Amino acid sequence: MAALPVLALLLLLAWGGPRAAGQKRKEMVLSEKVNQLMEWASKRSVIRMNGDKFRRLVKAPPRNYSVIVMFTALQPHRQCVVCKQADEEYQILANSWRYSSAFTNKIFFAMVDFDEGSDVFQMLNMNSAPTFINFPAKGKPKRGDTYELQVRGFAAEQLARWVADRTDVNIRVIRPPNYAGPLMLGLLLAVIGGLVYLRGSNLDFLYNKTGWAFAALCFVLAMTSGQMWNHIRGPPYAHKNPHTGQVNYIHGSSQAQFVAETHIVLLFNGGVTLGMVLLHEAATSDMDVGKRKIMCIAGIGLVVLFFSWLLSVFRSKYHGYPYRYVFP
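If you check an unreviewed UniProt entry, the chain appears there as Dolichyl-diphosphooligosaccharide--protein glycosyltransferase subunit MAGT1 from Pelecanoides urinatrix. The UniProt entry for the chain carries the following text under Sequence similarities (unreviewed entry): "Belongs to the OST3/OST6 family." Taken directly from UniProt, the Pathway (unreviewed entry) text for the chain runs: "Protein modification; protein glycosylation."

Encoded structure:
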């Protein structure tokens, strides 16, 4: 009878020993993985991964951290313009987290490029890029862990809201400073100051309705052509195909645009506006009939020509749009 407690103790030690050793080994592996990720994150906010790194650090347990992974195709021969634009926003988000005072090892940002980890794309049955997936600290990704790119867009602020939704980590997006706005404002103030200095006490020009109307029209045309979108997203001026050398000034998707495209649309809108002004003057001015007819014909020509070009740009971005005017 006295041997029973001793036997029970021996059995408990025999069963608990391997279990404790296994737990310790698991903690050591987890510590190594976290230290490795922290080391990489200290050098680069977005950790580049191939198939081996992805399977070891993202897919394989143990893991007590979430990993946001962007699956992309950034190599020039892939010609994925959206991938490059999404990558820029993703880098802004990752940098905002990395250099935040709230930065911890609770979440990491990573990237798998198709040319560096095609086996990962095959493993996940993925055939499109860019794609954002959250791999949670516990369990497998659920439906909501795949970011709805087509619905939300790829702005860093939208990605941050989705990350907060899936991980409870709130990231305040901090964009790099853009000095174009202050410079333009400074230039405008300098021009106004120069005019006031040159005109002296004669400030009648400030009450000139035509001048204010022209300034307001320029502002409206700039905004409707997409200047604010360029200021926020910072797109490239145009895209050059690395194989053919062909330069595209109009983006082929309705989700993005080039800076050159903004200038083209601004010109077309300006042409339509000028045509409408000429038509209005032809109908209301006191000039002789001959001049009014010329203005009317010129106005109709400008409206027809530039509106047709504007519609062509719209058709090239919204594929399948059935209507056209003069030009295809």
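Now that the structure is up, let's keep going.
1. With respect to the pairing of strand β3 (residues 107-113)
Burial runs high along β3: seven of the seven residues are buried. Of the two faces of β3, the one lined by Ile 107, Phe 109, Met 111 and Asp 113 and the one lined by Phe 108, Ala 110 and Val 112 are each fully buried. Both strand β1 (residues 46-48) and β3 contribute to a ladder of three bridges, which runs parallel. Its bridge partner being in β3, Val 46 is matched across the sheet by Phe 109. With helix α3 (residues 81-98) bridging strand β2 (residues 66-72) and its parallel neighbour β3, the resulting β-α-β unit is right-handed.

2. Comments concerning the packing of aromatic side chains
One pass over the full model with this rule turns up 15 aromatic pairs. The interplanar angle of 85° and the centroid separation of 5.8 Å between the aromatic rings of Phe 71 and Phe 121 together place this pair among those described as edge-to-face. Separated by 50 residues along the polypeptide, Phe 71 in strand β2 and Phe 121 in helix α4 (residues 118-123) bring together distant segments of the chain. Note on Phe 71: relative accessible area 0%, which makes it buried. Note on Tyr 90 and Phe 109: the rings are 5.8 Å apart at their centroids and 70° apart in plane angle, and the pair reads as edge-to-face. With Tyr 90 in helix α3 and Phe 109 in strand β3, the pair connects residues that are 19 residues apart, well separated along the chain. Across from the ring centre of Tyr 99, 5.5 Å away, lies the NZ or CZ of Arg 98, which sits over that ring.

3. So, the environment of Met 287
The topology assignment puts Met 287 in the loop between α10 (259-284) and α11 (289-317). The contacts of Met 287, once residues within four sequence positions are left out, are Arg 292 and Met 295.

4. Let's talk about the pattern of salt bridges
Scanning all chains against the criterion turns up nine salt bridges. Between Arg 55 and Asp 52 there is a salt bridge whose closest N-O contact spans 3.2 Å. Of the two residues, Arg 55 and Asp 52 both sit in helix α2 (residues 51-59), three residues apart, roughly one turn of that helix. Where Asp 115 meets Arg 78, a salt bridge forms, and the shortest distance between an N and an O atom there is 2.8 Å. Here the residue Asp 115 occupies a position in the loop between β3 and α4, and Arg 78 occupies one in the loop between β2 and α3, the gap between them amounting to 37 residues. Judged by relative accessible area, which is 35%, Asp 115 ranks as partly exposed. Using a relative accessible area of 37% as the deciding quantity, one classes Arg 78 as partly exposed.

5. Structural notes on the state of the cysteines
A full pass over the atoms with the stated rule returns one disulfide. Here Cys 80 connects covalently by a disulfide to Cys 83, the sulfurs 2.1 Å from one another. Here the disulfide of Cys 80 and Cys 83 is right-handed, its torsion about the S-S bond being about 75°. By relative accessible area, which is 22% here, Cys 80 ends up partly exposed. Judged by relative accessible area, which is 0%, Cys 83 ranks as buried.

Each value, and the rule that gives it
- Residues numbered from 1 in each chain as written.
- Predicted model: local features only at pLDDT ≥ 70, side-chain atom pairs only at ≥ 80, totals over all residues.
- Heavy atoms only, no water.
- UniProt positions renumbered as here; feature names shortened; annotations may be inferred.
- Buried < 20%, exposed > 50% of the residue type's maximum accessible area, 1.4 Å probe, protein only.
- Helix = DSSP H or I, 4+ residues; strand = E, 2+ residues; numbered from the N terminus.
- Pairing = 2+ DSSP bridges.
- Right-handed = clockwise from strand over helix to strand, strands pointing away.
- Phe/Tyr/Trp six-rings, centres within 6.5 Å; stacked < 30°, edge-to-face > 60°.
- Lys NZ or Arg CZ within 6 Å of the ring centre and 35° of its normal.
- Contact = heavy atoms within 4.5 Å.
- Salt bridge = Lys/Arg side-chain N within 4 Å of Asp/Glu carboxyl O.
- Disulfide = S-S within 2.5 Å.

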